[in-house]
Amino acid sequence: MNYTLDFAPVIEGLPNLLAACLGTFTLAICGMILAVIIGIGGVVLRQSTLAPVRWLVIGFVELIRNTPFLVQIFFIYFALPLIGVRLDPTPTAIIALGINGGAYAIEIIRGGVQSISKGQMEAGLALGLHKAQVFRLIILKPALRAIFPSLTSQFVLLTLTTSIASAISAYELTSVSQRIESDSFRSFEVYFTVTVFYLVISWLMMRLFAFFSARYFAYPVK
Amino acid sequence: MNEISSSKPEGQAMISMAGVDKWYGAFQALKDINISVGKGEKIVLCGPSGSGKSTLIRCINHLETYQKGEIRVGDIVLGHQAKSIDAVRREVGMVFQQFNLFPHLTVLENCMLAPMRALRLSKVEAESRARQLLERVRISEQADKYPAQLSGGQQQRVAIARALCMRPQVMLFDEPTSALDPEMVKEVLDTMIALAEEGMTMICVTHEMGFARQVADRVIFMASGAVVEQAPPAEFFSDPKHERTRKFLGEILGRH
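Note that the structure is predicted; figures quoted are calculated from it, not measured.

1. Points about the overall build of chain A
- Along its length, chain A carries nine helices and zero strands.
- Structurally, chain A occupies a C-alpha span of about 75 × 45 × 30 Å along its principal axes.
- Sorting the 222 residues of chain A into buried and exposed places 45% on the buried side.
- Looking at chain A alone, contacts between residues at least 24 apart form 77% of all its contacts between residues at least 6 apart.
- Only carbon and sulfur atoms are counted for the fraction: they give 69% of the accessible area of chain A, which is about 11700 Å².
- Between the centroid of the 15 positive side chains of chain A and the centroid of its 10 negative side chains there is a distance of 22 Å.

2. A few points about the packing of aromatic side chains
- Under the defined criterion, the tally for this structure stands at 13 aromatic pairs over all chains.
- When the ring of A:Tyr219 is compared with that of B:Tyr146, the centres are 6.4 Å apart and the planes differ by 35°; the resulting orientation is tilted. Here A:Tyr219, found in the segment after α9 (187-216), pairs with B:Tyr146, found in the loop between α5 (123-136) and α6 (152-164), and the two come from separate chains.
- The rings of A:Phe148, A:Phe155, A:Phe209, A:Phe212, A:Tyr216 and A:Phe217 are connected pair by pair, giving a single aromatic cluster.
- B:Arg213 extends its terminal NZ or CZ atom over the ring of B:Phe237, reaching a point 4.3 Å from the ring centre.

3. Quick notes on the interface of chain A and chain B
- With 21 residues of chain A in contact, the opposing surface of chain B contributes 26 residues.
- For the interface between chain A and chain B, the tally reads one salt bridge.
- With a closest N to O distance of 2.7 Å, B:Arg58 and A:Glu122 form a salt bridge.
- At the junction of chain A with chain B, the criterion picks out six residue pairs in polar contact (both at pLDDT 80 or more).
- Secondary structure elements with two or more residues in the side of chain A that touches chain B: α6 (118-126) and α7 (131-161) of chain A.
- Sort the elements by how many residues they give to the side of chain A that touches chain B and α6(A) lands first, with seven residues.
- Looking at the side of chain A that touches chain B, its residues break down into 11 nonpolar, six polar and four charged.

4. Some details on the UniProt feature "transmembrane region" (unreviewed entry) in chain A
Residue and element names in this part refer to chain A.
- The feature "transmembrane region" (unreviewed entry), as annotated in UniProt, sits at residues 17-45, 57-80, 92-113, 146-170 and 190-212 in this numbering.
- Taken end to end, residues 57-80 has its terminal C-alpha atoms 21 Å apart, with 83% of it in helix and 0% in strand.
- Annotation note: span residues 146-170, helix share 64%, strand share 0%, distance between end C-alpha atoms 34 Å.

5. Some points on the sheet that holds strand β3 (residues 42-46) of chain B
All names here are of chain B.
- Taken in spatial order, the six strands make up an open sheet running β6-β7-β8-β3-β9-β10, and their pairing is mixed. Looking at which strands have only one partner, the edges of the open sheet turn out to be β6 (92-95) and β10 (226-231). Mean inter-strand twist for the sheet, computed between neighbouring axes without regard to direction, equals 20°.
- Bridge analysis of β6 against strand β7 (residues 170-174) gives four bridges, and the strand direction is parallel. The residue bridging Val95 from the neighbouring strand is Phe173, located in β7.
- Helix α2 (residues 53-60) contacts β3, β6, β7, β8 (201-205) and β9 (218-223) of the sheet and is inclined by roughly 150° relative to β7.

6. Comments concerning the side chain of B:Thr191
- Mapped onto the secondary structure, B:Thr191 falls in helix α7 (residues 182-197).
- In this structure B:Thr191 touches B:Val137, B:Arg157 and B:Ile160, once residues within four positions along its chain are discounted.

7. Re a nonpolar patch on the surface
- A contiguous nonpolar patch, built from A:Tyr3, A:Leu5, A:Phe188, A:Phe192, A:Val196, A:Val200, A:Trp203 and A:Leu204 and spanning about 790 Å² of accessible area, is present on the exposed surface.
- Mapped onto the elements of the fold, A:Leu5 is located in the segment before α1 (8-12).

8. Examining the side chain of B:Arg129
Residues and elements named next belong to chain B.
- Relative to the assigned elements, Arg129 resides in helix α5.
- Lacking a salt bridge, the buried Arg129 has Glu125 as its closest oppositely charged neighbour, with an N-O distance of 6.1 Å.
- Non-local contacts of Arg129, meaning those with residues more than four positions away in its chain, are made with Leu119, Leu121, Cys165, Met166 and Arg167.

9. Focus on the UniProt feature "domain: ABC transmembrane type-1" (unreviewed entry) in chain A
- Annotation from UniProt places "domain: ABC transmembrane type-1" (unreviewed entry) at residues 21-209 of chain A.
- The distance separating the terminal C-alpha atoms of residues 21-209 of chain A is 18 Å; by composition the span is 81% helix and 0% strand.

10. Notes on unusual backbone geometry
Residue and element names in this part refer to chain B.
- The residue Asp32 is not glycine, and still its phi comes out positive at about 45°.
- Relative to the helices and strands, Asp32 is located in strand β2 (residues 27-38).
- One non-glycine residue with positive phi stands out, namely Ser224, at about 50°.
- Inspection of the secondary structure puts Ser224 in the loop between β9 and β10.
- Judged by its relative accessible area of 36%, Ser224 is partly exposed.

About the cut-offs
- Residues numbered from 1 in each chain as written.
- Chains lettered and ligands numbered in written order.
- Predicted model: local features only at pLDDT ≥ 70, side-chain atom pairs only at ≥ 80, totals over all residues.
- Heavy atoms only, no water.
- Helix = DSSP H or I, 4+ residues; strand = E, 2+ residues; numbered from the N terminus.
- Buried < 20%, exposed > 50% of the residue type's maximum accessible area, 1.4 Å probe, protein only.
- Contact = heavy atoms within 4.5 Å.
- Areas by Shrake-Rupley, 256 points an atom, 1.4 Å probe, with all protein chains shown as cover.
- Lys, Arg positive; Asp, Glu negative; His and termini not counted.
- Charge placed at Lys NZ, Arg CZ, Asp CG, Glu CD.
- Phe/Tyr/Trp six-rings, centres within 6.5 Å; stacked < 30°, edge-to-face > 60°.
- Lys NZ or Arg CZ within 6 Å of the ring centre and 35° of its normal.
- Salt bridge = Lys/Arg side-chain N within 4 Å of Asp/Glu carboxyl O.
- Polar contact = N/O pair within 3.5 Å; in protein donor to acceptor, adjacent residues only side chain to side chain.
- Nonpolar A, V, L, I, M, F, W, Y, C, P; charged D, E, K, R; others polar.
- UniProt positions renumbered as here; feature names shortened; annotations may be inferred.
- Pairing = 2+ DSSP bridges.
- Axes fitted to C-alpha atoms, helices over the stretch in contact; angles between N-to-C directions.
- Patch = residues over 30% accessible without salt bridge, like charges linked within 9 Å, V, L, I, M, F, W, Y side chains within 5 Å.

Rendered as structure tokens:
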């Protein structure tokens, strides 16, 4: 073991790596926003009185949760252009992350909605509110609060999953570090640094979620 | 139709149920219910557990569907269409055993939500109405607290105020004191008595027989999904006609 550490290529590439961290952050945040929209929308459709609509949601969840993310992102990037849908790597990655995270979010948020007592819905209806109003104004917030820890860990996972977008050369931390590594052959130094960066990004995400939670779910419960 | 009109008392009926049947699958929860409640009348609905009394009042604001018969509130025929259900729910307030306050909203916000969203009142109007009714149930000093910070009795009084904020014609109470610690029952009953004295039309499912004696115009006794007997409280307690009523009264009064 006569390996001499040489961080010079990493330091040289630092501006690139930091910019790539921002890229990772952007993919993660945009993916999460899309995932939340799909998650909440999916839960609403999952409760539809029309059976085919419910089946569609169930089918979507099963399809996404039982296939690899790499295949999903390849499908969007390489297969969809054949039917005329051509997207750049970054939008592709965001959509793939949003769809993947959304499928998991549907199941998580649905669990939260089911944990809210039926009495809440009844009280809202008895006060003359419509079902949709009851869901939006009464059920949603306590439901999200109930499952927020699960959602947080799912979204930290989503943040780390952004590294798979390197397979289609989206602009993010893993693909930029691969470039530096293949130019310098400093594998240890590059991936050590990248590991630290991912740790920091995950930690920042958790702080962000904790901040959000403290702000929006501040009401006391028994 | 003859039977329906003959079951109405003098004056205009605020609520009438005619030939209402309800099944849960093969189990019949309500059997040919014919009840008429006049404006300003106070009804206490009692009976053993599983007799269908909660189911009955939950049909009036369509929290439960029913398969046969007709329910009217004022001049609205309830039916099963969203439009008539909405109209009825705006006229009928309900108080639940478990309070069902919204935990993420303050007491004031709990009271303002429906008037703003269902009646389209402005925020200013909704707030002044809410404060006025919180004052009426003597809990205005808790307006900015969250439900979890209140005692059960306080929560139930807020729930009453919240229902009153819709200015309902009728109030339904579904065992409003059953989930309360004994020392909190009185404050809720006092609130209900005050409401009764102001002339509100009320149907109360309750086992509080003292309340029934004090405020009810009529006590309705149910068993096995059917109305067995109805009478003014004095007569109901002193001279129950049916064996099942006597048995029930023996159990419930013997216990206290």
